[in-house]
Amino acid sequence: SCSNQQVVLLSKEHKITLTYKHDNPTCLPEFREKSRSLKKILQELGLPPWQRKRQLYLYQNNSLTALLGSFICQKVKEKIERTSHCEFYIFEVKQ
């Protein structure tokens, strides 16, 4: 089912980074109407502080793109919806 999959557009022209660290960027997840700091978003998601360093953050050109398994940023989601033919990867969300 699609409800357990997360689609992220990855372009060949961009530097892709997967990391367990973040510098508390401001982002706009797909489920919010206004952007907030990542720390506040992680609090909203109910993620305990000790688990935040165990999450995998995806960056494209040093800009937060997704927290794998939790959300993708709206700018990426909008780009996926606008693109009729593109390369993308599907990440299955394991619970």
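Below or above, wherever it landed, is the structure these notes cover.

### Some details on the overall build of the protein
Broken down by element type, the protein carries 3 helices and 8 strands. Going from the N terminus to the C terminus, the protein shows its helices and strands as β-β-β-β-α-α-β-β-β-α-β. A total of 95 residues make up the protein; the buried ones form 35% of that total. Counting contacts in the protein only where the partners sit at least 6 residues apart, residues at least 24 apart contribute 65% of the total. Split by element, the accessible area of the protein, about 6,600 Å² in all, is 49% carbon and sulfur.

### Quick notes on unusual backbone geometry
The residue Asn 24 is not glycine, and still its phi comes out positive at about 55°. Within the secondary structure, Asn 24 sits in the loop between strand E2 (16–19) and strand E3 (26–27). Positive phi outside glycine occurs at Asn 61, with the angle close to 50°. For Asn 61, the position within the fold is in the loop between strand E5 (57–60) and strand E6 (63–67). Its relative accessible area of 39% is what places Asn 61 among the partly exposed residues.

### Some points on the packing of aromatic side chains
Under the defined criterion, the tally for this structure stands at 1 aromatic pair. Relative to Phe 71, the ring of Phe 31 lies with its centre 6.0 Å away and its plane at 80°, an arrangement referred to as edge-to-face. With a gap of 40 residues between them, Phe 31 in the loop between E3 and strand E4 (36–37) and Phe 71 in strand E7 (residues 71–72) connect regions that are remote in the sequence. Given a relative accessible area of 0%, Phe 71 falls into the buried group.

### Considerations on the side chain of Arg 52
For Arg 52, the position within the fold is in helix H2 (residues 49–52). Notably, Arg 52 is buried but unbridged: the nearest opposite-charge side chain belongs to Glu 44, and the N-O separation is 11 Å.

### A closer look at the nonpolar core
Residues Cys 27, Leu 38, Ile 41, Leu 42, Leu 47, Tyr 57, Tyr 59, Leu 64, Leu 67, Phe 71 and Cys 73 constitute the largest nonpolar core, which totals 11 residues. Where this core is concerned, the elements lending two or more residues are helix H1 (38–44), E5 and E6. Ranked by the residues each element gives to this core, the list is headed by H1, at 3 residues.

### Side note on the pairing of E5
Burial of E5 is two-sided: the residues Tyr 57 and Tyr 59 facing one way and the residues Leu 58 and Gln 60 facing the other way are all buried. Across 4 bridges, the pairing between E5 and E6 is antiparallel. Across the sheet, Tyr 57 pairs through a bridge with Leu 67, a residue of E6. Joining the antiparallel neighbours E5 and E6 is a turn of 2 residues, in which Asn 61 adopts a positive phi near 50°.

### A word on the side chain of Gln 74
Within the secondary structure layout, Gln 74 lies in helix H3 (residues 74–82). A polar contact of 3.2 Å, which involves the side chain of Gln 74, links it to the backbone oxygen of Pro 29. At 2.4 Å, the side chain of Gln 74 forms a polar contact with the backbone oxygen of Arg 32. Those residues within four positions of Gln 74 in sequence are excluded, and the remaining contacts are Leu 28, Pro 29, Glu 30 and Arg 32.

Cut-offs applied
Residue positions are given per chain, counting from 1 as you read along its sequence in written order. Given that this is a predicted model, residues contribute local features only at a pLDDT of at least 70 and side-chain atom pairs are listed and counted only at 80 or more, while totals for whole chains, interfaces and linings are drawn from all residues. Excluded from the side-chain calculation are hydrogens and water; included are all heavy atoms of the structure. Numbering of helices and strands runs from the N terminus; a helix is a DSSP stretch of H or I covering at least four residues, while a strand is a stretch of E covering at least two. Burial classes follow relative accessibility: with a 1.4 Å probe on protein chains only, a residue under 20% of its type's maximum area counts as buried, one over 50% as exposed, and anything between as partly exposed. By the convention used here, residues are in contact when the closest approach between their heavy atoms is within 4.5 Å. For the area figures, the Shrake-Rupley method with a 1.4 Å probe applies, and any residue is considered shielded solely by the protein chains shown. Between rings of Phe, Tyr and Trp, where Trp is taken as its six-membered ring, a pair exists when centres lie within 6.5 Å; planes separated by under 30 degrees are stacked, by over 60 edge-to-face, and by other angles tilted. We count Lys and Arg on the positive side and Asp and Glu on the negative side, and we leave His and both chain ends out. By definition, a salt bridge exists where a carboxyl oxygen of Asp or Glu is found within 4 Å of a side-chain nitrogen of Lys or Arg. Side-chain atoms within 4.5 Å link the members of a nonpolar core, which is a set of buried Ala, Val, Leu, Ile, Met, Phe, Trp, Tyr and Cys residues. A pair of strands counts as paired when DSSP detects no fewer than two bridges linking them. Polar contact is defined as a pair of N or O atoms within 3.5 Å, subject to the rule that within protein one atom must be able to donate a hydrogen and the other to accept it, and that residues adjacent in sequence are counted only when both atoms are side-chain atoms.

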